[in-house]
Every structure is written in structure tokens, then in C-alpha cells.
Amino acid sequence: MSDPQSSSNNAAEGIAQAARRAFEASQLVDVSERNVALNAIRQVLEQHKDEVLAANKKDMDAANELLSQGKLSGSLVSRLDLSRPGKYEAMLQGITDVASLPAPTGIVTFAKELGPGLDLHRVTCPIGVLLVIFEARPEVVVNIAALAIKSGNAAILKGGKESTQTATLLSSLIARALDTTSIPPTFIQSVATRSEISSLLAQDRYIDLVMPRGGNELVRSIQNSTRIPVMGHADGICAVYLDASADADKAVRITVESKTDYMAACNAAETLLVHESLLSTVWPKVAKALMQANVSLRCDGPTLDAIHTIPEASQKCTASTPSDYTTEFLGPTIAVKAVKSVQEAIQHINSHSSHHTDSIVTEDESSMSAWCRGLDSANVYVNASTRFADGTRYGLGTEVGISTGKTHARGPVGLDGLVIYKYMMRSKAERGSLIADHEKNGGSYTHKDIKRGQPPF
């Protein structure tokens, strides 16, 4: 009798090897062919829209059944729906946007003459093979495929079981499109089962980077299960801080949109900090606007006392607990706390947030400066909604995800976050170059900066 685990390991190794071979083969294909492939994918997805939405409806029907049983969250079901007005078209537009961006590879970022006839260039290049694991959001298949192809990286994709029908069809359509181009069809692959993931996480010989896109539990599990480097974020605990000089209208507009525009998003506000000088002025206006938007407030003592006369407060406001300030609610709840200064707000966020996206509402230049310099977050805003933290809104075309790490890439990860670099050295010396030429018998290095221009090869 065959061992199921052994079969899964063999299948995973085959997938990873195929991705590695596709990646290596693609490096000798002209960069212009990447856009040819992207255009082919868009055409195929346009032609098969009805099919994709039919598959998505099957996923949605199954998800809504689980939601009614309390086995799935409403936020996850919301992320799954590809039929929301404009969502499919936005997915297709993302392909076009990525295609229109300059290729991130082959860019010289450092160039020096080490000595006469010996030049060194640092040139951007793809990372290699990506393993991207995500929950719900079937459009992520297309977003990541577009970014991977444009940046020259092969990708293996695994969506949540909730999006299996949609993700599987999207992946097969992408492979069908690639089969008509110079990019190998195995450049983008997908897997469907959890056992394949655990086996793929062991393929550090072939896979270069794991990118989880989902909740805390998913990310932590992956980080603890692989030797492959992992890039991503676990939580989206984002904050808005209303500084002493905050304009009331800005405070209401920015806070309400940051919280309510799309509450299931990782860049939705989960914490609101209020300068104590605003407790009787701006804060009640913001609180009333939030409650009118059906948001429940979990307030500390000072912020709760300041709004007890508002009629809705008895139903919409409760006392907060310490854990509320480290919770990603992903729904109509926000934790509120009064602070004495911008420095205290910064300290609170640095200690309690997930270092994702945080915004200050202020008219004071010194507060703006302190905020932007002192806050240890990937996205730091002044007088702007936290919902701007997005690859498409940043002009990156789309994004693989948002990274809160501090190595390689941070914030929305677009094309530039999917490249690394290599050093290319070329000697034009008549007899070639040895270190002895520069380190012995009076030799030396010149270390002269030279024009970056085009790569040497």
C-alpha cells in the first residue's frame, strides 16, 4: 500500500521542480515577452468571465452555508465575492496596469571601476520561485500571476479551500494563456490541498520565498513550518490618532472612512487614539459619526465619560479591555483611548499595533514630523485615510501583499519588492584580472564611480 504522505511529498517536489525549470528557462526569454504573456492572460480572462463568475458563485454558495452555521466569518465571505460591482473589471485592469509599468529587472543600482579594465555592476534580477499562500480573495491568483510574470518570478499559488472552484479555474486559464507565449505554462501553478502545502514548505531546494497573505493564524503557522524565508504580515491592527490641533471635519471624514470603507481589509482602522484636549470638542463629533455608521466603540474611561450623553452611546459604547488594543476586529468595532501627547500616541502604537498603517489627523507641523519619524510602521500617513495602503492605489499596478517586515520589502509589495540583485563583474584587462594585480607589487584599487547606464550584458 502506498504511503499518502510520501505521494504528497513526491507531488510537491515535482511541482517545485517544474517551477524551478520554468523560472530558469524564462531568464533567457526577452523581457518584452512578459507583456505579451500578460496581454494573453487578460484576453483569456475576458473571454471566460461568465465561467469564472459561475465558479465563484459555487464558492460563495458553499461559503454562505458555512457562514450560516457559524463556521466561517463574514469578513472572509466578503473577500471571496468576485461578483461585486467592478471587482472583476478591476482585476483585469490590474493586469494592464502591471504590463504598463517598466520592468523592475536589469536595472543597474551600483557601478564602480575597481581598477583599470575591471568594472563591477549591481543589477536587479528576479528572486526565483515564489510560493504564495492566501485565504479567500480569488483575484489574488491573477494579481500575483501578473506581478510574478512582469518581475520574472515563477509562482506556485495556494488559495483557501473557500475559493477552490474560482482559484482553480483562474489558474487553468492563466496556464492556457501562457501556453500560447514564450513563457512556460508551468511558470504559474496552483495547488489545492493542505497536504501539498506542508510538503511544498519543505522544498527549500527549489522555492526561494514564501509569501502568506491572510490572517495571523495562517502566517504564524507558515513561519513555524519552513526553512524557506517568509515575507508578509500577520495582522492589520491600524490606528488613527486625533492630535490636539485636529480639524473636526478632517477627523470625522478620515476616521469614518478608515474604519467603515471596507472593514474586512487589513488596512481598516481598529484603534482610535484621541488627544485628551479634544474629549469635549472633536471627539463627540467623531464618536457620533462612527455610531451613526453602526460602529461599536470600546472606550477607555476618559473617552467613555465624554460621550455618555449621546443617545446612541448606551447601545454602541462599552468599556474597553487591554486586549481590545491588540485586536484586529475586521468588523464594526473600534477600540478608543485618550492620550496626553503625540509622543504617547506613537509609543502606544509602536507597542500595540502590527506596524501596518497608521494615520495622524493634525494641523501641527511638529506633530507631523514626530509622527513620521517616530512611528515604526510600514505606512505612515498625515491627514489621510488608512485605506490608501494598497498596491493599486500606490501606483504599483497591484500587490502580492503588504509586508510589515524590515528586510527586503516593506509596505505594499509590488514589482520592486519581487526583485533582488546580483553583482556582475567584467574584466577587460588583456590577461584577465586577479586580486594579485591589485593587492601585490604596488597594485591598488581605484574604486571610481562609473556611469550606471545599461547592464554590462
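Conventions we followed
Residues numbered from 1 in each chain as written. Predicted model: local features only at pLDDT ≥ 70, side-chain atom pairs only at ≥ 80, totals over all residues. Heavy atoms only, no water. Helix = DSSP H or I, 4+ residues; strand = E, 2+ residues; numbered from the N terminus. Buried < 20%, exposed > 50% of the residue type's maximum accessible area, 1.4 Å probe, protein only. Areas by Shrake-Rupley, 256 points an atom, 1.4 Å probe, with all protein chains shown as cover. Lys, Arg positive; Asp, Glu negative; His and termini not counted. Charge placed at Lys NZ, Arg CZ, Asp CG, Glu CD. Phe/Tyr/Trp six-rings, centres within 6.5 Å; stacked < 30°, edge-to-face > 60°. Lys NZ or Arg CZ within 6 Å of the ring centre and 35° of its normal. Disulfide = S-S within 2.5 Å. Contact = heavy atoms within 4.5 Å. Polar contact = N/O pair within 3.5 Å; in protein donor to acceptor, adjacent residues only side chain to side chain.

(A) Spotlight on the overall build of the protein chain. Of regular secondary structure, the protein chain possesses 16 helices and 17 strands. A principal-axis box enclosing the C-alpha atoms of the protein chain has dimensions of 85 × 65 × 40 Å. For the protein chain, with 457 residues in total, the buried portion stands at 52%. Roughly 20600 Å² of accessible area belongs to the protein chain as shown, and the carbon and sulfur atoms make up 50% of that amount. When the 45 positive and 50 negative side-chain charges of the protein chain are each reduced to one mean point, those points stand 3 Å apart.

(B) Spatial organisation of the packing of aromatic side chains. Enumeration over the complete set of coordinates arrives at three aromatic pairs. Judged by centre distance (5.9 Å) and plane angle (20 degrees), the rings of Y241 and W371 are stacked. With Y241 in strand β7 (residues 238–242) and W371 in helix α15 (residues 365–374), this residue pair connects regions lying 130 residues apart in the sequence. For W371, a relative accessible area of 0% translates into the label buried. Aromatic pair Y421 and Y423: ring centres 5.8 Å apart, planes at 85 degrees, arrangement edge-to-face. Through a chain of ring-to-ring contacts, three or more aromatic side chains come together here, namely F110, Y421 and Y423. Lying across the ring of Y262, R84 places its NZ or CZ 5.1 Å from the centre. When the ring centre of Y421 is taken as reference, the NZ or CZ atom of R122 above it lies at 5.2 Å.

(C) Local environment of the state of the cysteines. On inspection of all chains with the given rule, the structure shows zero disulfides. There is no disulfide at C372, and the cysteine sulfur nearest it, in C238, is 15 Å away.

(D) Focus on the environment of D449. By the element assignment, D449 lies in strand β17 (residues 448–449). Spatially, the C-alpha atoms of D449 and S354 are 40 Å apart, while their sequence positions differ by 95 residues. In contact with D449, other than residues within four places in its own chain, are A111 and K112. At 2.5 Å, the side chain of D449 forms a polar contact with the side chain of K112.

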